[in-house]
Each structure stands twice: as C-alpha cells, then as structure tokens.
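Listed below are the residues making up each chain.
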Amino acid sequence: MSSKPINVEEIKKELIAKMPTKVARKRAKAIVPGAGGGEEIPEIQANVRTIPGIITQRGCTYAGCKGVVLGPSRDIVNLTHGPIGCGFYSWLTRRNETDAGPDGDNFIPYCFSTDMTEHDIVFGGMKKLSAAIQEAYDNFHPKAISVFSTCPVGLIGDDIHAVARQMQEKLGITVFANSCEGYRGVSQSAGHHIANNQIMKHIIGTNDTPVEGKYKINILGEYNIGGDAFEIERILEKCGITLISTFSGNSTVESFRRAHFADLNTVMCHRSLNYVAEMMETKFGIPWIKVNFIGAHATAKSLRRIATYFEDQDLIDKVEQVIAEEMPAIEATIKDIRPRTEGKTAMMFVGGSRAHHYQELFGELGMKVLCAGYEFAHRDDYEGRHVLPKIKVDADSRNIEELEVEKDATRYNPRKTPEQLEALKAKGVEVKDYDGMIGQMSKDALIIDDISQYETEKIIEIMKPDIFCAGIKEKYIIQKMGMPMKQLHNYDIGGPYAGFVGAVNWYRDIDRMVNSKIWALTKAPWQMEGPELEASYV
Ligand code: CFM
Ligand code: HCA
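Quick caveat: nothing in here was measured; it's all calculated off a predicted structure.

**Describing helix 6 (residues 126-140)**
And then number 1: The first and last C-alpha atoms of helix 6 sit 21 Å apart over 15 residues, in line with the 21 Å expected at 1.5 Å per residue.
And then number 2: Taken together, the buried positions of helix 6 are occupied by L129, S130, A132, I133 and A136. Considered in projection along helix 6, the buried side chains sweep an arc of 160° and stay on one side of the axis. Opposite its buried face, helix 6 presents the exposed residues K127, E135 and N139, each directed more than 90 degrees away.
And then number 3: As for helix 6, its buried residues are in contact with strand 2 (76-81), strand 4 (144-149), helix 8 (160-171) and strand 5 (174-178).

This is the structure in structure tokens:
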C-alpha cells in the first residue's frame, strides 16, 4: 500500500527514462494523468501501431472478429479458414458461457477449421473451404455459417466471399465471410469493426416477425464471460424488460434477425460494438445509451437510465423495487469485507472497456486504482464525450455497401422526437452518452495505453499495488514478482462479476486475493540464488 503522495509526472519520467530517445518520445504520448472529474481531459495517443520490439499484450484482427464478436454466438457455425493453429488457440479460451436449453443448438464446444496445409497454400484453399462448409452443414444443419480468414488466406488471395455466396445459394442458409486476416489494422479492434459490418449486412433485421414486450431492448457488447450475461438477464427479467438479443454472448441467429424490433439499444462494451449501435440507429432509428452492469451501484444506475428512457412510471417503480430487493445482500457483504480492503490499491490493464468498468467495483471496496490502461481502445474510450467517434466505413470493411435507411423505421420502434430526447437529457439520460476513463481517474493516477512488458514490470516496481489485473500473458510474470494477479479477461475460474450477484462474487474474490500473503512468500530461484541479471537498452 503506498502512503506517500504520488507524483505522476515523476513516475512517467522514470518509466521512459531508459528507453531510446525516439521510443521514449512516442511512448510519452501514450501516458497521461487522470483528470479527476475535471473538464480538462488530456489527449492520449491510442489505436496506433505498436512500436516494433516492444512486447505488447494486443491481439490480432482475427481474434477481434472471430474470437471476440462472432465467436460467442452459439448457433452460428464459426469456421476458421486457415492452418489449424488459429482455430485451435481461439477454441474455448475466453470462457464465454452458453445455455442452449433442451432444444437449442450449441456449437460452442466445437472447433471448426479448414486446417489448411502446404498444398492449399500453394494451390489455393477455396475448394477445401466449400467442402468444409458442406461438411459442417451435413453434420450440424446450422441456420448460419460464418467464415473467418487467417493471415495466409489474404496472402494467397482465396475469395472467401465468393465461396460463401455459392454455398449460401446451394444450401439455402445464411453463409457469410469475414476478411479478418490477423495482420489487418493495429490490433483486434479492426476485427470488431469487420464483424459488426457483416452481422449488420447479413443477419440483423432479416426477420420481420414482431417481438412481443412492453419495454424491448438489446444489449450490445456483452459476451457472457463467466456467465455475466446470465446475471444481467436475471435482473432484466425481474424488472419486466424484454431482452431481444445480446450481442453476442449465448446469442442465436434468430434473435439477431429480430433485433431491430428493440425500442432501445443499450451498449455495454462500447469499443467492440459501437459500429452496430450506430448502424442500427441509422437504419432502424433505434437510439442507444451506454450502460455498465459491472458494480452494484453502476447496475442500479443503468437500470434507472433504462427506466427513465421509457418514461413509464410502472417501469420506474418496478426498477426501484428490484434495486431495493437486491441491495441488502450487497450492503451486508461490503460491511463485512470493506474493513479489510479499504485503502488497498490496484492496477488494471485490459482490452478496450473493462479497465474502465471495473473501477466501479474497486471503488465499492474502498480501493484506489493507481494506474490503468487499455490494450487497443480508441481515444473516445479514454477521453469520453470529448472525442466523438467518427463512424465511417474503413478500408478493412471493403464489403459493406452504403446503409439503406428504412423509409418507415418507425414501424419497428416509436422513435423519440428531438424534443423528447432533449427532455430526457435534462433527466440525465443522454442518448450516445459515454464517459471516458481519463475523466473517471484521479489526478494522481496514471493512464497508459498499450502498456509494454517492460513498463508493466517497472510500474509495479515503482507504485507497488496490492493487486494487478490483466490477462494470461502477464499473469505468471506478475505472480513471480510476488503480487496477486487477477485475470480480468476470463476471470480465471471466477465470475459472474456483473450485476448484483456478480458484485458479491467480486468482493469475495478480491478480499481473498489482496489479503493473502502467499505470493509475497514465494521467491523465484534467481531471487534466492542471485545475483540477478538486469537487461539494459544500449
Ligand atoms: Fe469489450 Fe470484451 Fe473488453 Fe473487447 Fe477483448 Fe474480452 Fe477484454 Mo479480452 S469485447 S473490449 S476485445 S469488454 S476479449 S469480453 S476481456 S480484451 S476488456
Ligand atoms: C483476445 C482475447 C482475450 C485474450 C485474453 C488474455 C480474451 O484478445 O484475443 O490475453 O488473457 O479476453 O480472451 O482478450
């Protein structure tokens, strides 16, 4: 626990001090202090190419497209076109849970790949891809098949879209392809965009059978990691809110097809699904608001925002009743645990939204986040409403045509007039509202984008947090440094952490971790035997 005042500028200097001048200059732009709720938000460098040689924790475009956005849909056969490694290493690693019920399809336990070999690389893999689609169809009879290209596919020029079109015609089901070769873009973020475009183009709004329900919503950017979406579903059901579709944890093709009947889109992970939110607003007139179901108070706030949006007293009352029912368990757990966690400190370096969302949960335990950052978020995720996202079709999305706006979008949902939206804003529900991480963090906290391995070790050494949250690549190095390490991607074996039940799970897990001495008692062999060798830049 650090007690002396923190000088963030000094820490920043120390972090980059040993780097070659050019590298230090570039990295300095990606490190800024928090704004502590102030209006002056410093500009951060984000979503740019990682400096070669620096060990980044980022993933690739294929990971963002197949692994993140489309992978968790449970009844689409997600077929990787490539050598077996990409399919194999993205198979069940993310802990996105599913429940198909007694009759539903669930292809999540399977790994579908064309398993390209040298022969296919030399002579082309399109025939093999057609055969694989046919085989998947014959064995599983899915409603949809989605194909993902890996790096070599782009290099040899297989036309996966042509194969998908042919097979769609032949089989009479939805077949579409994603040009998501790993090398496109600077991170998995490009893959999100590609997947968003293809879901929008091929699935959303393709079934016009109306959905029943008084208050109908979709959740965009919720992947049911560790069962988070199940807990959110439980709460929404209790409130009487109809959830048409979750993009994409435990989702079905049919729910995507009818998602345009929602009155409101709620966006959980803005980074990965903002494109669909924007496109659905343009095409079907569905407004979107930001929600955060990570943290008990954040959950209550999100429910209240949804209820306020509908401007319906019955719903407002019901939501208050649900919150009142759920809060006593939260308060009792906090009362027990907080005396042991109060004043402890944490660091979080995760993807493109969790390093922000989880700050609420640490706050509820009286813990301070000393330093946080995203791997691949964009400036709008950091700077919030200060940088509005520019939604345009980028070079990676070569297959999307100009969106056709439904002439009669109101037949799907009663859109609010600009005046009604203004009135909602006065009540604290701003459509397209989102807060960034920088504004949320205090002035003596640091924000670091695309943190490198070296910076990770250095910042731990300098600031000595009580717990460090990140992913599998960092995990064992952190533990060897004598520090508890919580995976915030797959939650290790834990979760759910969303909603009310999730908050209690989190309080208990974090209590156990920050109050255990086990990691500080372990020493790596080189620490016991010494002398330790230290690498240096020349
Ligand atoms: Fe969104 Fe995610 Fe995240 Fe993300 Fe990811 Fe993930 Fe993540 Mo890993 S969609 S940005 S690309 S919340 S897989 S469920 S944990 S890096 S912070
Ligand atoms: C990805 C997926 C990942 C990786 C997590 C990790 C996930 O980026 O391809 O590095 O531990 O959440 O599974 O973010």
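**Observations regarding the site of ligand 1**
And then number 1: The environment of ligand 1 is formed by 14 residues, the closest being R94, H192, C269, S353 and H489.
And then number 2: Grouping the constituent residues of the shell around ligand 1 by class yields 6 nonpolar, 6 polar and 2 charged.

**Examining the pairing of strand 2**
And then number 1: For strand 2, the buried fraction is high: 6 of the 6 residues fall into the buried class.
And then number 2: Where burial is concerned, the two faces of strand 2 agree: the one with I76, N78 and T80 and the one with V77, L79 and H81 are both buried.
And then number 3: In this sheet, strand 4 lies alongside strand 2 in parallel orientation, the contact comprising 6 bridges. The residue bridging H81 from the neighbouring strand is S149, located in strand 4.
And then number 4: Pairing of strand 2 with strand 3 (residues 112-113), which is carried by 2 bridges, proceeds in the parallel orientation. Paired with L79 across the strands is F112, a residue of strand 3.

**A word on the sheet that holds strand 8 (residues 264-267)**
To summarise the sheet geometry, strands pair through backbone hydrogen bonds and adopt either a parallel or an antiparallel arrangement.
And then number 1: Pairing in this open sheet of 4 strands is parallel, and the strands run 7-6-8-9 from one edge to the other. Because the sheet does not close on itself, it has two edges, and the strands there are strand 7 (242-248) and strand 9 (288-290). Direction aside, the axes of adjacent strands within the sheet are offset by 25° on average.
And then number 2: For strand 8 and strand 9, the ladder comprises 3 bridges, and the chain directions are parallel. Across the sheet, N265 pairs through a bridge with W288, a residue of strand 9.
And then number 3: Here helix 10 (residues 228-239) sits on the sheet and contacts strand 6 (216-222) and strand 7; the angle it forms with strand 6, its principal contact strand, is near 160°.
And then number 4: Against the sheet, helix 12 (residues 270-284) makes contact with strand 6, strand 7, strand 8 and strand 9, and its axis sits at roughly 145° relative to strand 6, the strand it touches most.

**A look at the site of ligand 2**
And then number 1: With respect to spatial proximity, the complete set of residues near ligand 2 consists of A63, R94, Q188, G471, I472, K473 and H489.
And then number 2: A distance of 2.7 Å separates an oxygen atom of ligand 2 from a polar backbone atom of I472.
And then number 3: Within the side chain of H489, a nitrogen or oxygen atom sits 2.9 Å from an oxygen atom of ligand 2.
And then number 4: Protein burial of ligand 2: of its 350 Å² of free accessible surface, 79% is covered by the chains.

**Topic: the pattern of salt bridges**
When the charged atoms of two side chains lie near each other, side chains of opposite charge can form a pair.
And then number 1: Considering all chains together, one arrives at 27 salt bridges under this definition.
And then number 2: For R234, the salt bridge goes to E231, with nearest N and O atoms at 2.7 Å. With a gap of 3 residues between them, R234 and E231 both fall in helix 10, about one helical turn apart.
And then number 3: What emerges from the salt-bridge pattern is a single network uniting E231, R234, K238, E325 and E326.

**Digging into the pairing of strand 13 (residues 467-470)**
And then number 1: Side chains of strand 13 alternate between two faces, with I467 and C469 and F468 and A470 buried alike.
And then number 2: The sheet contact formed by strand 10 (residues 345-349) and strand 13 spans 3 bridges and is parallel. Paired with A346 across the bridge in strand 13 is I467.
And then number 3: After leaving strand 13, the chain enters helix 20 (residues 472-480) and then returns to the sheet as strand 14 (residues 485-487), a path that is right-handed.

**Considering the state of the cysteines**
And then number 1: Taken as a whole and assessed by the stated rule, the structure comprises 0 disulfides.
And then number 2: The cysteine C111 is free of any disulfide, with C86 supplying the nearest cysteine sulfur at 10 Å.
And then number 3: Here C111 falls in the partly exposed class, since its relative accessible area comes to 28%.
And then number 4: The cysteine C151 is free of any disulfide, with C60 supplying the nearest cysteine sulfur at 6.4 Å.
And then number 5: Assessed through its relative accessible area of 30%, C151 is described here as partly exposed.

**Structural notes on helix 2 (residues 21-28)**
Residue pairs three or four apart in sequence face the same way in an α-helix, which turns once every 3.6 residues.
And then number 1: Among the residues making up helix 2, those that are buried are V23, A24 and R27. Within helix 2, the buried residues cover an arc of 100° as seen down the axis, which keeps them to one side. Helix 2 presents T21, K22 and R25 as exposed residues on the side facing more than 90 degrees away from its buried surface.
And then number 2: If you follow the buried residues of helix 2, they end up packed against helix 1 (8-16), strand 1 (31-33), strand 12 (446-448) and helix 19 (453-463).

**Some thoughts on the packing of aromatic side chains**
And then number 1: For the structure on display, the rule yields 17 aromatic pairs.
And then number 2: Ring centres 5.9 Å apart and planes at 35° place the aromatic pair Y110 and F112 in the tilted group.
And then number 3: Exposure remark for Y110: the relative accessible area of 44% places this residue in the partly exposed category.
And then number 4: Its relative accessible area of 12% is what places F112 among the buried residues.
And then number 5: Ring geometry for Y309 and F310: centres 5.7 Å apart, planes at 85°, overall edge-to-face.

**So, unusual backbone geometry**
And then number 1: A cis amide bond links F247 to the next residue, S248, at an omega of 5°.
And then number 2: Mapped onto the elements of the fold, S248 is located in strand 7.
And then number 3: Omega for the bond connecting G495 with P496 falls within 30 degrees of zero, at -5°, which places this linkage in the cis form.
And then number 4: Looking at where P496 falls in the secondary structure, it is placed in the loop between strand 14 and helix 21 (499-514).
And then number 5: Its identity is not glycine, yet R95 carries a phi of approximately 60°, on the positive side.
And then number 6: For R95, the position within the fold is in the loop between helix 4 (84-89) and strand 3.

Conventions adopted
- Residues numbered from 1 in each chain as written.
- Chains lettered and ligands numbered in written order.
- Predicted model: local features only at pLDDT ≥ 70, side-chain atom pairs only at ≥ 80, totals over all residues.
- Heavy atoms only, no water.
- Helix = DSSP H or I, 4+ residues; strand = E, 2+ residues; numbered from the N terminus.
- Expected span 1.5 Å × (residues − 1).
- Buried < 20%, exposed > 50% of the residue type's maximum accessible area, 1.4 Å probe, protein only.
- Arc of directions from axis to C-beta.
- Contact = heavy atoms within 4.5 Å.
- Near = heavy atom within 4 Å.
- Nonpolar A, V, L, I, M, F, W, Y, C, P; charged D, E, K, R; others polar.
- Pairing = 2+ DSSP bridges.
- Axes fitted to C-alpha atoms, helices over the stretch in contact; angles between N-to-C directions.
- Polar contact = N/O pair within 3.5 Å; in protein donor to acceptor, adjacent residues only side chain to side chain.
- Areas by Shrake-Rupley, 256 points an atom, 1.4 Å probe, with all protein chains shown as cover.
- Salt bridge = Lys/Arg side-chain N within 4 Å of Asp/Glu carboxyl O.
- Right-handed = clockwise from strand over helix to strand, strands pointing away.
- Disulfide = S-S within 2.5 Å.
- Phe/Tyr/Trp six-rings, centres within 6.5 Å; stacked < 30°, edge-to-face > 60°.

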